[in-house]
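# Results of the structural survey
Listed below, chain by chain, are the residues.
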Amino acid sequence: MLRFIPILTIVLMIGPVSAGLIGTILPAFGILPALGGTTPSLDPWQALVAQPGLGASIRLSLANGLIATFVSVAIVMLFCAAWQGTRTFHALQRILSPILSVPHATAAFGLAFLIAPSGWFVRVVAQFTGWDRPPDVAIIHDPWGIALIAGLVAKEIPFLFLMTLSALPQADTDRTAQVTASLGYGRIAGWFKATLPRIYPQIRLPVLAVLAYSTSVVDVAIILAPTTPAPLAVRILGWLSDPDLALRFMASSAAVLQLLIVIAAMAIWIAGERLVAIIGAQWAVDGNRCKRDGAARGGAAVMALVAAGTVVLGLVVLLVWSVAGFWAFPDLLPRGFSLRLWARELDAIGNSLTTTLLIGIPAVVIAVTMVLACLENEVRTGKVAGRRAMFLIYLPLLVPQISFMFGLQVFFSLLGLERTLVSVVLGHLVFVAPYVFLSLSEPFRTLDPRYGQTALCLGASPARVFWQVRLPLLTRAVLTAAAVGLAVTVGQYLPTLLIGAGRFATVTTEAVALASGGDRRMIGIYGLFQMVLPFAGFALALLIPAVLFRHRRGMGAQNKG
């Protein structure tokens with residue numbers, strides 16, 4: 001049975017994506033019998049091309065995705081090169097790790113509250129300039145999408161940083177740094193010339209996943225991106241949600257166009273990789289040691305701290321707004337605090353949290369079970385997942401959600417699962433499983449095999465070795481992977497909205513829906529509750545091993561990060 005789990009997992013990863021793409025491509029060419037489309041037609045594409053501002057929407061999606069990804073990768077690589085192995089590096093690692101659990105929408109709300117014309121940053125400036133009203137400047141929803149890029153960069157840096165951390169030990173970076181230093185290279189130049197070529201291939205798929213997400217993001221774009229016109233993914237969601245069902249055909253053609261935009265972005269990125277590789281190969285052997293890199297190291301630290309500090313400060317301002325009474329501009333703090341809204345919304349928030357858990361817990365349990373079974377199968381067969389298998393696991397993260405969610409909705413309708421809890425859970429599982437695999441695979445594979453070999457020599461069965469040796473030793477890793485999965489499912493917006501047809505109100509769908517209303521106090525409350533479940537998950541991942549193994553020193557050491 002165990003040997004079939006990897007195949008089942010890959011089917012669960014590529015099956016929904018394939019079914020969703022088919023269900024999107026057919027309506028894009030006029031075929032959707034449920035809505036009267038029985039013959040192939042290019043009418044949906046003609047209707048799409050006739051939409052005003054389509055070119056601007058495409059430009060926003062493509063350019064902002066590429067810029068946000070490039071800036072995120074550049075900051076992470078530069079910071080790792082400048083500070084790896086130092087106290088500053090470990091300190092920022094402790095700051096960025098919890099930020100990974102903050103949903104994208106929460107981070108976007110926090111950033112919006114900071115940089116808005118009446119946000120905290122402007123209020124601080126107003127203390128010195130004497131402004132008595134907010135400046136008339138479109139900072140949020142700016143026409144160039146700069147706020148959207150900033151929001152994506154602030155949230156993607158922690159993810160890429162942690163992916164890089166997991167790749168560093170495999171490149172023997174400490175001894176490489178010693179060798180380059182002994183040859184007289186500066187810290188940054190030595191890292192880029194000797195370490196980066198071995199690190200980057202291992203984080204390439206996460207980078208492409210970030211690129212796909214940034215190019216097709218919806219929830220963050222609703223909060224921060226321009227609205228006239230909006231990025232293409234946001235407009236597609238509007239067409240899919242329109243009461244006029246005939247717009248589903250045009251929305252499907254736009255979803256296919258969104259997929260082509262992501263493919264184009266990846267092609268541009270890969271072309272850029274090759275160009276950088278050619279230039280880098282010449283630079284690596286030119287003998288320039290770039291010893292004076294103090295300014296670059298300082299700049300890298302500042303950029304990383306600004307990114308992390310923006311998310312943390314955004315969470316603080318969300319908390320303040322959630323309990324704020326009357327708060328006039330340019331006051332730095334409200335004139336009073338009140339829990340009236342918290343009390344009024346308690347029942348609604350409780351229902352949203354319950355729905356979130358009803359969706360999230362089954363998805364996480366299934367994902368963790370599948371991933372553990374796959375990894376245990378690797379141990380027993382000695383066959384590690386290859387590059388193709390990893391690509392298939394990453395596939396749901398590389399294909400834009402908006403391009404296959406509508407088709408997946410149609411697919412579930414054919415199965416009679418439309419608008420059911422089961423379909424929403426399966427929709428979340430597609431995105432939870434890859435992150436659980438990423439979190440758990442490295443600790444599982446690096447566990448000392450001698451523990452299992454000793455147990456086998458003592459007569460234990462392979463199943464007993466798994467349950468009584470490997471699983472207890474990996475308690476913290478498993479719980480951390482579950483916490484990561486819970487954070488992912490809490491942040492899912494499109495799968496919940498489209499597959500659930502709006503019937504499942506989670507904290508994320510409610511928070512994003514409040515974005516158009518502009519009620520900062522309500523946004524603050526729901527934004528904070530988006531964080532409650534992920535933080536609780538990570539807290540339990542720390543607490544449970546500490547309690548379970550409080551009398552077993554060796555087990556406690558094994559379950560430390």
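Placed above this text is the structure.
The sections below set out a description of the structure shown in this document.

## Some thoughts on the overall build of the protein
Across its full length, the protein holds 24 helices and 0 strands. Against the compact-globule benchmark of 24 Å for 561 residues, the protein has a radius of gyration of 24 Å, which places it among compact chains. Principal-axis analysis of the C-alpha atoms places the extent of the protein at approximately 65 × 60 × 55 Å. Counting across all 561 residues of the protein, residues that qualify as buried make up 52%. Total accessible area on the protein stands at roughly 25500 Å², and carbon and sulfur atoms take up 67% of it. Taking the 39 positively charged and 23 negatively charged side chains of the protein as two groups, their mean positions are separated by 11 Å.

## Brief notes about the packing of aromatic side chains
Taken as a whole and judged by the stated rule, the model has 13 aromatic pairs. Judged by centre distance (6.0 Å) and plane angle (50°), the ring pair of Phe411 and Phe412 falls under tilted. Overall, Phe411 belongs to the partly exposed group, its relative accessible area being 33%. Centroid distance Phe466 to Trp467: 5.1 Å. Interplanar angle 80°. Geometry classified as edge-to-face. Given the relative accessible area of 57%, Trp467 is considered exposed. One aromatic cluster is present, formed by Phe113, Trp120, Trp321 and Trp327 through successive ring pairs.

## Side note on the environment of Val512
Along the chain, Val512 falls in helix H22 (residues 507–515). For the pair Val512 and Ile523, spaced 11 residues apart in the sequence, the C-alpha separation amounts to 8.3 Å.

## A closer look at the state of the cysteines
Counted by the stated rule, this structure contains 0 disulfides. The thiol of Cys80 is not disulfide-bonded; the next cysteine sulfur, from Cys290, is found 18 Å away.

## Comments concerning the pattern of salt bridges
Using the criterion set out here, one finds 9 salt bridges in the structure. The partner of Lys193 in a salt bridge is Asp286, with the nearest N and O atoms 3.2 Å apart. Highlighted residues: Lys193 in helix H9 (residues 187–216) and Asp286 in the loop between helix H12 (247–284) and helix H13 (294–322), separated in sequence by 93 residues. Using a relative accessible area of 14% as the deciding quantity, one classes Lys193 as buried. Overall, the relative accessible area of 41% leaves Asp286 in the partly exposed class. Measuring nitrogen to oxygen at the nearest pair gives 2.8 Å for the salt bridge that ties Asp448 to Arg450. The class for Asp448 is partly exposed, based on a relative accessible area of 25%. Within the structure, one salt-bridge network assembled from shared partners comprises Glu376, Arg380 and Arg470.

## Details of the side chain of Glu273
Examined against the element boundaries, Glu273 turns out to sit in helix H12. If sequence neighbours within four positions are ignored, Glu273 has contacts with Tyr200 and Arg204.

## Thoughts on helix H7 (residues 146–167)
Between its first and last C-alpha, H7 extends 31 Å over 22 residues, near the 32 Å set by a 1.5 Å rise per residue. Of all 22 residues in H7, 19 are buried, a share of seventy percent or more.

## Quick notes on the environment of Thr355
Of note, Thr355 is situated in helix H14 (residues 340–381). Given a relative accessible area of 18%, Thr355 falls into the buried group. Not counting residues within four places of it along the chain, the set of residues in contact with Thr355 comprises Phe504, Ala505 and Thr506. Looking at Thr355, its side chain comes within polar contact range of the main-chain oxygen of Asn351, at 2.9 Å.

## Structural notes on the environment of Pro135
Here Pro135 shows up in the loop between helix H6 (120–129) and H7. C-alpha separation for the pair Pro135 and Val122, spaced 13 residues apart in sequence, amounts to 8.4 Å. For Pro135, the residues in contact, after removing those within four places along its chain, are Pro117 and Val122.

## Focus on the packing of H14 against helix H17 (residues 421–446)
Helix-helix packing is characterised by the crossing angle of the two axes and by the distance between the axes. Remark: H14 packs on H17, axes separated minimally by 7 Å, with the N-to-C direction vectors making an angle of 40°. Compared by their axis directions, H14 and H17 come out oblique. Relative to H17, the crossing made by H14 is right-handed.

## Focus on the packing of helix H3 (residues 54–83) against H12
At their nearest, the axes of H3 and H12 sit 10 Å apart, and the two run at 40° to each other. Between H3 and H12, the angle falls in the class oblique. Like other packed secondary-structure pairs, H3 and H12 cross with a definite hand, here right-handed. Packed against H3, whose contacting residues are Leu54, Ile58, Ser61, Leu62, Leu66, Thr69, Phe70 and Val73, the element H12 presents Leu257, Gln258, Ile261, Ala265, Ile268 and Trp269 at the interface.

## Some points on unusual backbone geometry
Residue Pro229 follows Thr228 across a cis peptide bond; omega there is -5°. If you trace the backbone, Pro229 turns up in the loop between helix H10 (219–224) and helix H11 (232–241). Backbone torsion omega between Phe329 and Pro330 reads 10°, so that peptide bond is classified as cis. Relative to the helices and strands, Pro330 is located in the loop between H13 and H14. Although it is not a glycine, His141 adopts a positive phi angle of roughly 60°. Residue position: His141 is located in the loop between H6 and H7.

## Some details on the side chain of Ser214
Mapping Ser214 onto the fold places it in helix H9. On the accessibility criterion, Ser214 (3% relative accessible area) is buried. Other than its neighbours up to four places away in sequence, Ser214 contacts Gly65, Ala68, Thr69, Leu152 and Glu156.

## Here we look at the nonpolar core
By size, the foremost hydrophobic cluster in this structure holds 173 residues, and its most contacted members are Phe161 and Leu224. Ranked by residue count, the leading element in this core is H7, at 14 residues. Residue contacts for Phe161: discarding those within four places in its chain leaves Val76, Phe79, Cys80, Phe89, Gln93 and Leu96.

Rules used throughout
Residues numbered from 1 in each chain as written. Predicted model: local features only at pLDDT ≥ 70, side-chain atom pairs only at ≥ 80, totals over all residues. Heavy atoms only, no water. Helix = DSSP H or I, 4+ residues; strand = E, 2+ residues; numbered from the N terminus. Rg over C-alpha atoms; globule rule 2.2 N^0.38 Å. Buried < 20%, exposed > 50% of the residue type's maximum accessible area, 1.4 Å probe, protein only. Areas by Shrake-Rupley, 256 points an atom, 1.4 Å probe, with all protein chains shown as cover. Lys, Arg positive; Asp, Glu negative; His and termini not counted. Charge placed at Lys NZ, Arg CZ, Asp CG, Glu CD. Phe/Tyr/Trp six-rings, centres within 6.5 Å; stacked < 30°, edge-to-face > 60°. Disulfide = S-S within 2.5 Å. Salt bridge = Lys/Arg side-chain N within 4 Å of Asp/Glu carboxyl O. Contact = heavy atoms within 4.5 Å. Expected span 1.5 Å × (residues − 1). Polar contact = N/O pair within 3.5 Å; in protein donor to acceptor, adjacent residues only side chain to side chain. Axes fitted to C-alpha atoms, helices over the stretch in contact; angles between N-to-C directions. Parallel < 35°, antiparallel > 145°, perpendicular 65-115°, else oblique. Left-handed = near helix turned anticlockwise from the far one by under 90°. Core = buried A, V, L, I, M, F, W, Y, C linked by side-chain atoms within 4.5 Å.

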